[in-house]
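Residue-level structural notes
What follows is the residue order along each chain.
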Amino acid sequence: MLTLHWSLPPLEEGDAIREERATGRAGHWRKAMTGAGVWSPRGVRWRALLVVSAILVLLGYGIGGYMLLGSSPSSAVYLTVMTLTTEGSSAADRLSTGGKLFTASLAVLGVAVFVAALGVVGTALVEGRFGPHGRMLRMQYRIDTLRDHFVICAYGRVGQAVAREFEADGIPFVVIDSKAGLEEVMQRDKVAYLIDNASSEQVLRRAGIDRARGLVCAVDSDAENVYIALTARALNPAIAIVSRASEPASVDRLARAGASSVVSPYVTSGRRMALLAVRPHIVDFLEFSRPGTSDCRLEEIRIAADSHLLGRPLRQACKGVLPLLVRRADGTLLPHPDPDSALHPGDTLIVFGDLTALRPIEE
C-alpha cells in the first residue's frame with residue numbers, strides 16, 4: 001500500500017469554501033430546528049406521551065368525580081366513557097345540578113384533549129414522521145449521537161470495503177454519497193448515511209466532521225477528493241484524512257490539500273499480488289490477524305498523556321501479548337523493542353495477541 005505522510009502546508013481556502021461556511025450557519029439553524037431540537041423524533045414522542053397521560057388523568061378524573069357524586073364504580077366508568085366519546089347517556093338527565101356541571105366540565109376537557117391529540121398527529125405528519133423526510137430526521141438524529149467516528153465519502157466498492165472493516169472492528173462511521181440509488185443498499189446494510197454532496201461544508205458538518213476521528217475519501221474523482229480533503233482539513237485541523245488517488249499526479253495534490261495518507265488502489269493491488277506470489281505466508285498472517293477472522297489480531301495502541309501504560313516497561317504493559325514495534329512521538333521506530341523500554345506520551349505500540357489479553361491493555 002502506498003502511504004505518504006507529508007507536512008506540506010494546506011492550500012488557502014477559496015471563495016467557494018468561505019461561501020459554504022456562511023451557508024453552513026444557516027444549516028446549523030435548520031438542524032437545531034429539525035434534527036436535534038424541539039422538532040426531533042424525541043420531541044414527537046414526548047408530546048405523544050403527554051397526550052396519553054392526559055387521557056389517563058381525564059379518565060381518573062371522570063370516574064373519581066362520578067363516584068364522589070354517589071355513582072357506583074361501574075356506573076362511574078360508564079358515564080365517563082359515554083361523556084368522553086360524546087355519545088351521551090339518558091342517565092345524565094337524572095343527575096343532580098352538581099353532577100350535570102361536572103359532566104359538562106368533563107366533556108369540555110375531553111374535547112380539549114382530543115384536539116391536542118389531533119395536533120400531535122398533525123405535527124408528526126407535517127414533519128414527515130411517516131415519510132422520507134421523517135426517515136431523514138431520524139437518520140440525522142442518529143448521526144448527531146456519534147462521537148469519535150469516521151466519515152466515509154462514497155459507498156462504492158472501495159467505500160463498502162472500508163465500511164465492512166470498520167463494522168468488524170466495532171468502529172462507528174457515517175457514509176456520505178450523492179447517489180440516491182445507493183440508499184436502498186445503505187438501508188439494507190444498516191449504516192448511518194447522508195444522501196448529499198460530500199464536498200459541501202454544510203454536509204460535512206451534518207456528518208459531525210468537527211467531532212470525527214477520521215475521514216476516508218473514496219470518491220472515484222481525484223478532483224473531488226482534493227476538494228473534500230481541503231474542506232475537511234479547514235473544518236477540523238486535527239482530523240486524520242485517508243484518500244484514494246487514481247492518478248499518480250493526484251498524490252501530491254491530495255497531500256497539499258491536507259490528506260494524512262494517500263492510497264492508490266492500483267498500486268496497492270499490484271503490491272498485494274506481488275506479495276502473494278513471493279511471500280504468501282506473510283499475507284496469510286496479515287489476513288489471519290484481521291478483526292473477525294480469529295481470536296488473535298494485530299493492534300495499534302496510542303499512548304496518551306493520561307494512559308495507565310505511561311512510564312511502565314513493556315514487560316509489564318504487554319502481559320500476554322507480543323510487542324512488535326514501538327514508534328516514538330518523534331517518529332523513531334523501535335522494532336522488537338527491549339522489554340525494559342518504558343512507554344512515553346505520544347508513543348504508538350504495535351502488539352499481537354489474543355483478544356482477551358488485548359482488552360486490558362487497550363482500556
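For the structure given in this document, a descriptive report is provided here. (Residues numbered from 1 in each chain as written. Predicted model: local features only at pLDDT ≥ 70, side-chain atom pairs only at ≥ 80, totals over all residues. Heavy atoms only, no water.)

**Some thoughts on the overall build of the protein**
Counting its secondary structure elements, the protein contains 14 helices and 10 strands. Expressed as a percentage of its 363 residues, the buried residues of the protein come to 39%. Taking all contacts inside the protein whose residues are at least 6 apart in sequence as the whole, residues at least 24 apart take part in 62%. Looking at the protein as shown, the accessible area adds up to about 20200 Å², and 62% of this sits on carbon and sulfur atoms. (Helix = DSSP H or I, 4+ residues; strand = E, 2+ residues; numbered from the N terminus. Buried < 20%, exposed > 50% of the residue type's maximum accessible area, 1.4 Å probe, protein only. Contact = heavy atoms within 4.5 Å. Areas by Shrake-Rupley, 256 points an atom, 1.4 Å probe, with all protein chains shown as cover.)

**Quick word on the side chain of Ser-200**
Note on placement: Ser-200 falls in the loop between β3 (192–195) and α8 (201–206). Polar contacts involving the side chain of Ser-200 include one to the main-chain amide nitrogen of Gln-202, which spans 3.3 Å. (Polar contact = N/O pair within 3.5 Å; in protein donor to acceptor, adjacent residues only side chain to side chain.)

**What about the sheet that holds strand β1 (residues 150–153)?**
Hydrogen bonds between backbone groups are what pair the strands of a sheet, and the pairing can be parallel or antiparallel. The strand order across the open sheet formed by 6 strands is β3-β2-β1-β4-β5-β6, and the pairing between neighbours is parallel. Only two strands of the sheet have a single partner each, and these edge strands are β3 and β6 (261–263). Shown here is a sheet whose adjacent strand axes are inclined to one another by a mean of 15 degrees, direction ignored. Pairing of strand β2 (residues 173–177) with β3 involves 4 bridges; the strand directions are parallel. Within β3, the position partnered with Asp-177 by the bridge is Ile-195. Sitting on the sheet, helix α9 (residues 222–235) touches β1, β4 (214–217) and β5 (240–244), and the angle it makes with β5 is about 175 degrees. (Pairing = 2+ DSSP bridges. Axes fitted to C-alpha atoms, helices over the stretch in contact; angles between N-to-C directions.)

**Regarding the nonpolar core**
Core analysis: the largest hydrophobic core is formed by 47 residues, its most contacted members being Val-151, Phe-166, Phe-173, Val-175, Ile-209, Leu-215 and Ile-241. Top contributing element to this core by residue count: α9, with 6 residues. Aside from chain neighbours lying at most four places away, what touches Ile-241 is Leu-215, Cys-217, Ala-229, Ala-232, Arg-233, Gly-258, Ala-259, Ser-260 and Ser-261. Core analysis: the next-biggest nonpolar cluster, separate from the first, contains 11 residues, Leu-314, Cys-318, Val-321 and Val-351 among them. (Core = buried A, V, L, I, M, F, W, Y, C linked by side-chain atoms within 4.5 Å.)

**Some details on the sheet that holds strand β7 (residues 296–302)**
Pairing is antiparallel across the open sheet formed by 4 strands, whose spatial order is β7-β10-β8-β9. The open sheet is flanked by β7 and β9 (333–335), the only strands paired with a single partner. On average, adjacent strands in this sheet sit at an angle of 20 degrees to one another, irrespective of strand direction. As judged from the 7 bridges shared by β7 and strand β10 (residues 348–354), these two strands associate in the antiparallel manner. Its bridge partner being in β10, Cys-296 is matched across the sheet by Asp-354.

**Comments concerning the layout of surface pockets**
One number sums up the size of the second largest pocket: a volume of about 450 Å³. In terms of lining, the second largest pocket is formed by 23 residues, of which the most central are Ala-154, Lys-179, Ala-218, Val-219 and Asp-220. Listing elements by their share of the lining of the second largest pocket, those giving two or more residues are α6 (157–169), β2 and α11 (265–278). Counting residues per element, the lining of the second largest pocket draws most heavily on α6, at 3 residues. Split into classes, the residues belonging to the lining of the second largest pocket amount to 11 nonpolar, 5 polar and 7 charged. (1 Å grid on protein atoms, 1.4 Å probe; cavity = no way out; pocket = protein on both sides within 12 Å on 5 of 7 lines; lining within 4 Å. Points joined across faces, edges and corners; volume = space filled by probe spheres on them. Nonpolar A, V, L, I, M, F, W, Y, C, P; charged D, E, K, R; others polar.)

The analysis is restricted to geometry; functional conclusions fall outside its scope.
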